[in-house]
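Here is how the chains run, residue by residue.
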Amino acid sequence: MQDKEELTTLVRVLESVRKEGYKIDFTLGDDGLLHTMDSQLKFSPEQLKIVNFYRFEGESNPDDMAILYVLETSTGEKGTISDAYGTYSDVAVEAFMKQVPDLGKNLDTRS
């Protein structure tokens, strides 16, 4: 990964992790599973690992926060999912991601 100073925006981090092979965009489906955008593949929290995550704060508005999760599946797919962070986060995405094992940084797993 590049130096943290260079990875200041969500777009730059996405470009960087995509170069490392994390090219799939994931979304949370109505069924409570993580889907590829075309819904061809679906994953439970147990089938995923959080490789890394990045938090972003808006320059002009500290309430404009986001988080990007870098994920690997048990079948080898690599991708990302993003969410608002804090007050505006998607409760379903936040609850799902708290169930996913992580490989690096400590995540707040308190309910």
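Because the structure is predicted, anything quoted here is derived from the model rather than measured.

Rules and cut-offs
- The residue numbers shown here count from 1 along each chain, following its written sequence.
- Reporting of local features is limited, given that this is a predicted model, to residues whose pLDDT is at least 70; pairs of side-chain atoms are given and counted only at 80 or more, and all residues count toward the totals for whole chains, interfaces and linings.
- To obtain the side-chain values, all non-hydrogen atoms of the structure were used and water was disregarded.
- A helix here means a DSSP run of H or I that spans at least four residues, while a strand means a run of E at least two residues long, and both kinds are numbered starting from the N terminus.
- Should DSSP find at least two bridges between two strands, the strands are taken to pair.
- Salt bridges are identified by distance alone: a Lys or Arg side-chain nitrogen within 4 Å of an Asp or Glu carboxyl oxygen.
- pLDDT is defined as a per-residue confidence score from the predictor, taking values between 0 and 100.
- For this analysis, residues touch if any pair of their heavy atoms sits within 4.5 Å.
- Each residue gets one of three labels from its accessible area relative to the maximum for its type: buried under 20%, exposed over 50%, partly exposed in between, using a 1.4 Å probe on protein chains only.
- For this quantity, the arc is that covered by the directions from the helix axis to the C-beta atoms.

## A word on unusual backbone geometry
Next, step 1: Unusually for a residue other than glycine, Ser39 sits at a positive phi of about 60°.
Next, step 2: Position of Ser39 among the secondary structure elements: in the loop between strand 2 (34–36) and strand 3 (42–43).

## Focus on the sheet that holds strand 6 (residues 78–84)
Next, step 1: Taken in spatial order, the six strands of this open sheet run 3-2-1-6-5-4, and their pairing is mixed. On the outer flanks of this sheet lie strand 3 and strand 4 (48–57), each paired with one strand and no other.
Next, step 2: Of the strand pairs in this sheet, strand 1 (residues 24–28) and strand 2 are connected by three bridges, and their pairing is antiparallel. From the neighbouring strand, Phe26 faces strand 2, where its bridge partner is Thr36.

## Some remarks on the pattern of salt bridges
Next, step 1: What the rule picks out here adds up to three salt bridges.
Next, step 2: A salt bridge links Arg18 to Asp25; the nearest nitrogen and oxygen atoms lie 2.4 Å apart.
Next, step 3: The salt bridge partner of Glu94 is Lys98, with a shortest N-O separation of 3.5 Å.

## Description of the confidence of the model for the protein
Residues shown with low pLDDT carry predicted positions that ought not to be read at fine detail.
Next, step 1: Averaged over all residues, the pLDDT of the protein is 84; the fraction at 70 or higher stands at 79%.
Next, step 2: Here strand 4 is the element of the protein with the lowest mean pLDDT, 91, and strand 3 is the one with the highest, 97.
Next, step 3: Contacts from residues 1–6, a stretch scored under 50 in pLDDT, to residues over four places away or in other chains number eight contacts.

## A short note on helix 1 (residues 10–19)
Next, step 1: If you check which residues of helix 1 are buried, you get Val13, Ser16 and Val17. For helix 1, the angular spread of the buried residues around the axis is 90°, confining them to a single face. Exposed and oriented more than 90 degrees from the buried face of helix 1 are Val11 and Lys19.
Next, step 2: The inward-facing, buried residues of helix 1 contact strand 4, strand 5 (65–73) and strand 6.
Next, step 3: Gly21 sits one or two residues past helix 1 and shows a positive phi near 105°.

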